[in-house]
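These are the residues of each chain, in order.
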Amino acid sequence: MGIISIKNLSVSYGNIKILKNINMEINERKITAIIGPSGCGKSTLLKTINCMVEEETLSRVEGEILFKDNNIKEMTKEDIRKEIGLVFQNPTCFPFSIYKNMVYAQKYYGNTDKKKLKHMVEEKLKIAGLYDEVSNDLNKSALKLSGGQQQRLCIARALTVDPQVILLDEPCSALDVKNTKNIEEMLSKLSQDYTIIIVTHNLSQAKRIADYTAFILNGELVEYSDTETLFSNPKDKRTREYIEGIYG
Amino acid sequence: MNRYVKDLLLKLWCGISGIMVLSTLSFIIIYIFMKGFSSINLDFIIGAPKGVPIGSEGGIYPAIIGSVYLMIIACVFATVLAISTAVYLELYCKNEKLLKIMHLVIHCTAGIPSIILGMFGYTFLVLRLGLGRSLMAGGITLGIMIFPFIEIRVEKILNEMDKNIVYASYALGLPKSYTFLKLLLPIYKRDIISTVLLAGGFAIGAAAPIILTAAVMYAPVPRTVLAPVMALPYHLYILIGEGISVENAYGTAFVLIVLLLTMNILPILNSLSRGGE
Amino acid sequence: MYKIIEKIFSPIIRLLALCSVLILFLIIAFILKESLVIFKEVPILQFLLGRSWRPVSNTPTFSILPIILASMYVSVTAIVIALPIGIGCAMFISFFIGDVSREVLKSIINILAGIPSVVYGLIGLLVIVKYFEVRFSLVAGESVLAGGILLAIMILPYIINTCSESMIEIKKKYMATSDVLGVSKLYMISHLVLPAVSKAIIASTVLALGRAMGETMAVMMVIGNAPIMPKLLGKAQTIPSLIALEMGAAYVGSLHYHGLFAAGFVLMILLLLINIILYYIRRNISY
C-alpha cells in the first residue's frame, strides 16, 4: 500500500471530463513524476489530490482518494492540505518579506515564539538551498528575489507546515537551466523525508529525478511503473510514441 | 458633404464640448471658492448657529460635527456589509447562478434613488424600529446608500487579484478566514480605505436620505446616537430654501466642498505614498 | 485562536451577504406596504392618470400624472442637452489629448461627480434661475428648463466616464491597425469608434436617465415645485421633490402619507426597470 491510493477517480468541469477512471498508488518517500501532453489532465490530478479543484466552480469529483488509508473526503480540506502541500507552476510568493512568507502559516497555528520561528525559518530555507543567498536580508520583499529564488522560497514555505507529501505542478517551467538544476537537486534530497509528486512536461527531468513515472493521455492513465521500465521498455504503444516525441 | 467639412465638424464638436465641460467645471469650482471663501471665518467654523431665524447669524460647528458623525456611522455600516458580501462572492460562492442574481440585486440597490432610501429609513428605522429622527437612523440610511458603491469596488479589487496567491495560502492548509484576514486584507488595505473614503464623501454630501431620518434645523452636537443632528447639506438647503442667509449658504457649501476634496485627495496621497515605498 | 475565528467567520460572512441582498427586498416590501393603503381609496388608474394632486384640501385628490410627466420631462431635457456634449467631450479626452492631461481631466471630472447635489442646487438657484429671470424677464426663473440644464451638468460626468472608457478600449485595440491602413484619426473616429461605442452610449444614456429621475435636492431647488402639467419654461414638480417636500409634513398614517409612498413606489419601479435594463446592456458590452 502506498501513502496515497487513488481509486476510480474521475473529474469533470461542467460537461467536460478531464480525468477518467484513474487508479494509482503513490509510494512513500519516493519521487513520482506525472508526464503527458499539455491539457491531458495532469495538473487537475494534482489539484484533486489536495482538494484544490473544489475551489473552482463547476468541478465534480467521483471516486476516492485515500491518504494513509483515510478517505480524504472525510478529512477537512485544511487538514488534507497541511499534509499534502502544493507548489504552483509560477512562483506565488506573497507580497511580504521573505521572513513573513515563511512564518505566515505558523502564525495560524499560534506559534509566536520568535526564537523557534527563526530557527524554523533557517532550517527550511537551508533545505530549499536558499538560506545562503538570503540569510543576511530576510526582511527583503520576496517579490525582489529572482524567479528561481522565488520558486525555492515557495517550496521552503510549503515545508513550513511539515507536510508528508509535496505536489509540484511544473515547478521549473519558468526557470533557466541553472535554477532547474538547483531545484532538481533539492527535490532528490527532499525525497529522503518527503513523498514528492511532480508534474512535468520535461521528459528528461522525469528521467533524471523520478523513481516512478506515470503517463497520462486525454485524462486516462496509460501507463505507470518505475521510471526506468517506463522509459526503456514501455508496454503501451502510446507511451512509446510519446517518449519518442510523437505527441510533442 | 466632402470629407474635409465632415472632419472639421467632428473636430469642432469635440473641441466645443471639451471647452464647454472644462469651463463649466472651472466656473463651479471658482464660483464656490470665491463666494465661499469671503463668507467664512474662524467663528463660522467653530461657532453654533444663532439669530432669528436660526442660522442667519453664527456658525455651523454642530452641522460639521453632525455630518462627520453621520458619515462615520454610514461608513462603518456599509463597509462591514460590503466587505462581507464581496468576500462571500469572491471566496465562498461557487454557484454561478446565485452569483449573477446577487450581482443584479446589488446593482439594483445601487440604482435606488436616495430619496426612496430616505423614505425607507423613515418608515422602517425611524417609525417601525423606533429610532426616531436620529444620528443612527440617518447613518444607517446613508450606509445603505453607499454600500453598493463600496461592494462593487471591493469585489473588483478581489476579482483582479492573482488567484494563485489565494490558492497558495489554501495549499498551506490555511482556511479562508485566515487567508482573507492575514493575506488579502493586508495587501489590499490601502485600496479598500481609498474606496471607503470616496464613499464617505458621497455620504457626507447627501441631503435626501437624511431629510426624513436624521437632520433637523437646529440641534447641538449630539451626545447619543439616538439624538437628532444638524448636517451640512441639510443646513445648506434650509439656509437657501427658506431664504435665511445666502451668505452663510455659500460658506456652508464651501466647508462641505473642502471636506469632500480632502476626502478625495486622501486616497491619492495614500497611493502616492505607496509608490514611494 | 485563528481556528476559533475560522469557525465563526464563515457563518458571519454568509449572514451579512444575505442581509445585503435582503436590504433591497426589505426596501421594496416596506415602500409597497405603505403604498397599498391609498389604493383602497383611490383606484390605481386614477392615481396614475389623474391630473390633480391636492392632498390637504377639503376634498383631497391624489393623482400624480403631471408629476410623473415632469420627472420624465426634466430628465429627458437634461439628456438631450448632456448627451451631445458628453460624447463630444469623451472623444476630446480619448483622442485629442495626452495621457497625462487625460488622467488629470478625468480626476477633475470625478470630483465634479462628487459635488453634493445641494451645492448644485445652490448654484442652479443663484446662477441659472437668476439668469433666466434677468435675461428673459420672467417673474420666476424656476422651470423645467432650469432643472434640465442643472441636471445636464450633473449627469455629464457619468456620460463622459462611460463613453470615454469604451473609446479608450477601442482605441487601444484598433489604433495600430487603423494607422497601418493609413486612415486619418477623424475618419477612424467617425467610421470605427462611434459605431463601436454605440452600446456604451446607450448604457450611459440609461445610467444618466436613472440618475436624473432619482435626483432630489438640486432639481427641487430650481424647478418651482408646483404639481401642474409641465411646460419647458413653467414650474413643475418631480416625484423626488414631492416626497422630500411633503413627507415631513404629512401626518403618519394619513392618506397623504400613503399617497407619497405610492408616488415613491412608482418612482422605485421605474428606476428598478431602468437599472435592470442597464445591467443587461452593460453585460453585453464587449469588444
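Structure: see above.
Per chain, the residues get numbers from 1 upward, laid out in the order the sequence is written. Whichever chain is written first becomes A and whichever ligand is written first becomes 1, with later ones labelled in order. Local features in this predicted model are restricted to residues of pLDDT 70 or higher, and side-chain atom pairs are both shown and tallied only at a pLDDT of 80 or more, whereas totals for entire chains, interfaces and linings draw on every residue. Excluded from the side-chain calculation are hydrogens and water; included are all heavy atoms of the structure.

Draft legend 1. Molecular detail of the interface of chain B and chain C. It only takes one pair of heavy atoms within 4.5 Å for two residues to be counted as in contact. Of the residues lining the interface, 77 residues belong to chain B; the matching set on chain C comes to 83 residues. Throughout, the accessible surface (probe 1.4 Å) given up by two parts as they are put together, summed over both, is called the buried area. Of the roughly 6900 Å² buried between chain B and chain C, counting both surfaces, carbon and sulfur atoms make up 83%. Here a salt bridge means any side-chain nitrogen of Lys or Arg lying within 4 Å of a carboxyl oxygen belonging to Asp or Glu. For the pair chain B and chain C, the number of links is zero salt bridges. As used in this structure description, the phrase polar contact means that two N or O atoms lie within 3.5 Å; if the pair is within protein, one of them must be able to donate a hydrogen and the other to accept it, and residues adjacent in sequence are counted only when both atoms belong to side chains. The interface formed by chain B and chain C includes seven residue pairs in polar contact (both at pLDDT 80 or more). The leading source of residues in the side of chain B that touches chain C is helix H1 (residues 3-38) of chain B, at 18 residues. Each residue belonging to the side of chain B that touches chain C can be placed in one class, and the counts come to 54 nonpolar, 15 polar and eight charged. Think of it this way: any DSSP run of H or I at least four residues long counts as a helix, any run of E at least two long counts as a strand, and we number them from the N terminus. Classes in brief: Ala, Val, Leu, Ile, Met, Phe, Trp, Tyr, Cys and Pro nonpolar; Asp, Glu, Lys and Arg charged; the others, Gly included, polar.

Draft legend 2. Inspection of the sheet that holds strand S6 (residues 84-87) of chain A at higher detail. All names here are of chain A. In this description, strands pair whenever DSSP reports at least two bridges between them. Reading across the sheet, the six strands line up as S6-S7-S8-S3-S9-S10 and stay open at both edges, with mixed pairing between neighbours. The sheet is open, and its two borders are formed by S6 and strand S10 (220-226), each paired with just one other strand. Neighbouring strand axes in the sheet, compared pairwise and without regard to direction, differ in orientation by 15° on average. Here strand S7 (residues 165-169) runs beside strand S8 (residues 195-199); their pairing, made up of five bridges, is parallel. From the neighbouring strand, leucine 168 faces S8, where its bridge partner is isoleucine 198. Helix axes are fitted only over the stretch in contact, all axes being lines through C-alpha atoms; the angle between N-to-C directions runs from 0 to 180 degrees.

Draft legend 3. Main features of the pattern of salt bridges. Counted by the stated rule, this structure contains 18 salt bridges over all chains. Residue A:Lys126 is joined to A:Glu122 by a salt bridge in which the shortest nitrogen-to-oxygen separation is 3.2 Å. You can see A:Lys126 and its partner A:Glu122 sitting in helix H4 (residues 114-127), four residues apart, about one turn around the helix. Burial status follows relative accessibility: with a 1.4 Å probe on protein chains alone, a residue under 20% of its type maximum counts as buried, one over 50% as exposed, and anything between as partly exposed. On the basis of relative accessibility, which here comes to 28%, the residue A:Glu122 falls in the partly exposed class. Where A:Glu123 meets A:Lys124, a salt bridge forms, and the shortest distance between an N and an O atom there is 3.8 Å. With a relative accessible area of 36%, A:Glu123 lands in the partly exposed category. Classification of A:Lys124 by relative accessible area gives buried; the value is 5%. Among the charged side chains, a salt-bridge network with shared partners connects A:Glu54, A:Glu55, A:Lys77, A:Arg81 and B:Lys176.

Draft legend 4. Highlighting the nonpolar core. The criterion is simple. A nonpolar core is a set of buried Ala, Val, Leu, Ile, Met, Phe, Trp, Tyr and Cys residues joined through side-chain atoms within 4.5 Å. Counting residues in hydrophobic clusters, the biggest one holds 241 residues, and the most contacted among them are A:Ile4 and C:Ile27. Top element by residues in this core is helix H3 (residues 61-92) of chain B. It accounts for 17 residues. Here the limits of each domain have been adopted from an automatic or database domain assignment. If you count residues domain by domain, this core takes at least three from each of domain 1 (3-38) and domain 2 (49-275) of chain B. If we skip the residues at most four places from it in the chain, A:Ile4 touches A:Met24, A:Glu25, A:Ile26, A:Ile49, A:Ile65, A:Leu66, A:Phe67, A:Ile84, A:Val165 and A:Ile197. Listed in part, the 47 residues of the second largest apolar core include A:Val87, A:Ile98, A:Val134 and A:Met186.

Draft legend 5. Spatial organisation of the sheet that holds strand S5 (residues 70-71) of chain A. Residues and elements named next belong to chain A. Across the sheet, which stays open at both edges, the four strands sit in the order S2-S1-S4-S5 with antiparallel pairing between neighbours. The open sheet terminates on both sides in strands that have one partner only, identified here as strand S2 (16-26) and S5. Relative to strand S4 (residues 59-67), strand S1 (residues 4-13) runs antiparallel, the two sharing eight bridges. Looking at the pairing, serine 10 lines up with glutamate 62 of S4. Contacts from helix H1 (residues 42-49) reach S1, S2 and S4, with the element oriented near 115° to S1.

Draft legend 6. Quick look at helix H7 (residues 177-190) of chain A. All names here are of chain A. Helices are assigned an expected span. That span is 1.5 Å times one less than the residue count. Relative to the 20 Å expected for 14 residues at 1.5 Å per residue, H7 spans 20 Å between its end C-alpha atoms, a close match to the ideal helical length. Taken together, the buried positions of H7 are occupied by Asn179, Thr180, Ile183, Glu184, Met186, Leu187 and Leu190. Down the axis of H7, the smallest arc covering the buried residues is 165°, so these residues share one side. Facing away from the buried side of H7 by over 90 degrees, the exposed positions are Val177, Lys178, Lys181 and Lys189. The arc in question is the one traced by the directions running from the helix axis out to the C-beta atoms.

Draft legend 7. A look at unusual backbone geometry. With omega at -10°, the peptide bond leading from B:Val52 into B:Pro53 counts as cis. Topologically, B:Pro53 is positioned in the loop between strand S1 (49-50) and strand S2 (57-58). Of note, the phi angle at A:Cys51 is positive, near 65°, even though the residue is not glycine. Of note, A:Cys51 is situated in the loop between H1 and S4. Unusually for a residue other than glycine, C:Asn225 sits at a positive phi of about 55°. Of note, C:Asn225 is situated in the loop between helix H9 (217-222) and helix H10 (239-246).

By themselves these figures say nothing about function.
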